[in-house]
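Examining the three-dimensional arrangement
As a plain string of letters, each chain reads:
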Amino acid sequence: MADFSKLADPGSPEELLVRRIDRERVPRHVAIIMDGNGRWAKARSMPRVEGHRAGVAAVRDTVEASAQLGLEVLTLYAFSVENWKRPRFEIWTLMNLLKEYVRKERRNLVNNDIRFNVLGRWRELDPLVVREIEQTLEETAHCKGMHFNVALNYSGRCEIVDACRRIVADWAAGKRADIDEETLGRYLYTSGQPDPDLLIRTSGELRVSNFLLWQIAYAEIWVTQTLWPDFRRKDLIEAVLAFQSRERRYGGVLQPESPGMELFSSSRS
Ligand code: FPP
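Here we summarise the structure given alongside this text. (Residues numbered from 1 in each chain as written. Predicted model: local features only at pLDDT ≥ 70, side-chain atom pairs only at ≥ 80, totals over all residues. Heavy atoms only, no water.)

Next up on the list: the overall build of the protein chain. Tallying secondary structure elements over the protein chain gives eight helices and eight strands in all. Relative to the 2.2 N^0.38 estimate, which gives 18 Å for 269 residues, the radius of gyration of the protein chain is 19 Å and therefore close to what a compact globule would have. Principal axes of the C-alpha set define a box for the protein chain whose edges measure 60 × 60 × 35 Å. Within the span of the protein chain, comprising 269 residues, buried residues form 49% of the whole. Within the protein chain, residue pairs in contact and separated by at least 24 positions form 72% of the contacts whose partners lie at least 6 positions apart. Accessible area of the protein chain: about 14400 Å², with a carbon and sulfur share of 50%. Positive and negative side-chain charges of the protein chain, numbering 40 and 39 respectively, have mean locations separated by a distance of 5 Å. (Helix = DSSP H or I, 4+ residues; strand = E, 2+ residues; numbered from the N terminus. Rg over C-alpha atoms; globule rule 2.2 N^0.38 Å. Buried < 20%, exposed > 50% of the residue type's maximum accessible area, 1.4 Å probe, protein only. Contact = heavy atoms within 4.5 Å. Areas by Shrake-Rupley, 256 points an atom, 1.4 Å probe, with all protein chains shown as cover. Lys, Arg positive; Asp, Glu negative; His and termini not counted. Charge placed at Lys NZ, Arg CZ, Asp CG, Glu CD.)

In C-alpha cells, the structure reads:
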C-alpha cells in the first residue's frame, strides 16, 4: 500500500484531502487530457505557447503526486495526431518543451523508480526528440515503480489500426492468435498495463478527443474547470476522491442487501 506521507505538507489544505483517501481503493491507472493551456495564456494576454510552458510545472507536480499516491500507471495526453494542424511555431515550441522535459527529468524519474513509456507514432517525430525519448526509455527500463506514459503523436483510432496491422503481420509470419479482446489489448501501445480507471479532463470540455478509445471503456470520467497550467496535486486528489465516491458496476447491478459490495449479474469481476 502507498505511503502518503510525502504527498502533502503537514497542516496544508492538501493534507486534509489526503486523509480522506481510501488507501485500498486508489485507482490503478489515471489518464489525463491536459487542456486549456491556450486559454490560460490568453487570459494573461500572453502568446499561446506560454500556456504550454506553464503546463510543464503542472506535469511535474502531477507525475510526482501520482507516484506518491501509489498509482501503477499515469498517462498524459501531450500531442495528438490532430495537433499537427496547429501553427508551426506552436508545434515547434511544444516539441522543444517535450524534448527538454524528457532530457531534464530523466534522472528524477530514475531516482523515483518511475518507468517512462511513450504511446503513439512517436518514432515519426523530429530525430532529436526521438533520441531523447529513446535514451529516457532505456535509462528507466529497469524501474519498478509507476509507469508514466506520455501520449505523443497519438490517436486512439490509429492505435487500434496499428494493433490490427501488427496482428496481421504476425499472422503472416505464422504467429496466429485468436481475434478477441484479450489479443487486441496485447497489441495496443498500453500492452500489459491495466486500463484507466479514471479519466481526467481539464478546462471543462466534455470530449474524449480520440484518447485511449479502447482502454477507457469502463473508465470513470472526471472533468474540472481548472485549466491545465493551474492543475496541481490538490486537483488530482479531488479527482481520486470523486472516483472513490462512484459506484462502479461494469454493466451489472449491485445486490440490494449488500450495497457497495458484491457485484450481481456482472460480466466482469
Ligand atoms: C491542450 O491545451 C494542451 C496541449 C495540446 C499540449 C500539452 C502539452 C504540455 C502541457 C507541454 C509539455 C508536456 C509534457 C508531457 C512535458 P490547448 O492548447 O488545446 O488549450 P486551449 O484549448 O485553451 O487552446
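Now, onward.
Here we take up the site of the ligand. Inspection of the region around the ligand gives 17 residues, with D35, G38, R39, R48 and R86 positioned closest. N37 has a polar backbone atom sitting 3.1 Å from an oxygen atom of the ligand. Interatomic distance of 2.8 Å between a side-chain N/O atom of R86 and an oxygen atom of the ligand. Expressed as a share of its isolated accessible area of 630 Å², the protein-covered part of the ligand is 92%. Elements with a contribution of two residues or more to the shell around the ligand: α2 (37-42), α3 (48-69) and α4 (88-111). Top contributing element to the shell around the ligand by residue count: α3, with four residues. Considering only residue class, the shell around the ligand consists of eight nonpolar, five polar and four charged. (Near = heavy atom within 4 Å. Polar contact = N/O pair within 3.5 Å; in protein donor to acceptor, adjacent residues only side chain to side chain. Nonpolar A, V, L, I, M, F, W, Y, C, P; charged D, E, K, R; others polar.)

For the rest of this paragraph, the subject is the pairing of strand β4 (residues 147-154). Of all eight residues in β4, seven are buried; the element is thus mostly enclosed. Here five bridges tie strand β3 (residues 115-119) to β4, and the two strands are oriented parallel to one another. By the bridge assignment, V118 is partnered in β4 with V150. In this fold, the crossover linking β3 to β4 by way of helix α5 (residues 127-140) has left-handed handedness. (Pairing = 2+ DSSP bridges. Right-handed = clockwise from strand over helix to strand, strands pointing away.)

Sheet strands pair via backbone hydrogen bonds, and the direction of the pair is either parallel or antiparallel. Taken together, six strands build an open sheet; the order of strands is β3-β4-β2-β1-β5-β6 and the sheet is parallel. Here the strands that pair on one side only, and so sit at the sheet edges, are β3 and β6 (220-223). Each neighbouring strand pair of the sheet contributes to a mean axis angle of 20°, computed without reference to strand direction. Contacting β3 and β4, α5 crosses the sheet at an angle of about 140° to β3. (Axes fitted to C-alpha atoms, helices over the stretch in contact; angles between N-to-C directions.)

With that settled, consider helix α8 (residues 233-245). Over its 13 residues, α8 extends 18 Å from the first C-alpha to the last, a length consistent with the 18 Å expected when each residue adds 1.5 Å. Across the 13 residues of α8, 10 count as buried, placing the element largely inside the fold. Listing the buried residues of α8 in full gives R233, D235, L236, I237, A239, V240, L241, A242, F243 and Q244. Close packing links the buried residues of α8 with α1 (13-19), β1 (29-33), α3, β5 (198-201) and β6. (Expected span 1.5 Å × (residues − 1).)

Running from N to C, α3 and α4 point in directions that differ by 25°, and their axes come no closer than 10 Å. Judged on the interaxial angle alone, α4 and α3 are roughly parallel. Considering how the two elements wind past one another, α3 and α4 form a crossing that is right-handed. Of the residues in α4, those in contact with R48, V49, H52, R53, V56, V59, R60 and V63 of α3 are F89, E90, T93, L94, L97, Y101, E105 and L109. (Parallel < 35°, antiparallel > 145°, perpendicular 65-115°, else oblique. Left-handed = near helix turned anticlockwise from the far one by under 90°.)

What follows covers the nonpolar core. Grouped together as the largest cluster of nonpolar side chains are 53 residues, with contacts concentrated most on I21, I32, V63, F148, L152 and I200. The biggest single contributor to this core is α4, with eight residues. Apart from residues no more than four positions distant in its own chain, F148 is found in contact with V59, V63, L74, L76, Y101, L109, I114, R115, F116 and N117. If you look at the next biggest cluster of nonpolar residues, it comprises 11 residues, including I33, Y77, A151 and Y154. (Core = buried A, V, L, I, M, F, W, Y, C linked by side-chain atoms within 4.5 Å.)

Before going further, it helps to spend a moment on the environment of I221. In this fold, I221 is placed in strand β6. Residue I221 is classed as partly exposed on the basis of its relative accessible area, which comes to 44%. For I221 and A242, which are 21 residues apart along the polypeptide, the C-alpha to C-alpha distance reads 9.7 Å.

A separate point is the pattern of salt bridges. Enumeration according to the criterion identifies 22 salt bridges in this entry. In this structure, the salt-bridge partner of R19 is E15, at a minimum N-O distance of 3.5 Å. Placement of both R19 and E15 in helix α1 is noted, with a separation of four residues, approximately one turn of the helix. Overall, R19 belongs to the exposed group, its relative accessible area being 60%. With its nearest N and O atoms 2.5 Å apart, the salt bridge here joins R106 to E132. Here the residue R106 occupies a position in helix α4, and E132 occupies one in helix α5, the gap between them amounting to 26 residues. E132 shares its class with R106; the two are buried. Each of the salt bridges in this network shares a partner with another, and the network as a whole consists of D35, R39, R201, E205 and R207. (Salt bridge = Lys/Arg side-chain N within 4 Å of Asp/Glu carboxyl O.)

Any functional reading would require information that these geometric values do not contain.
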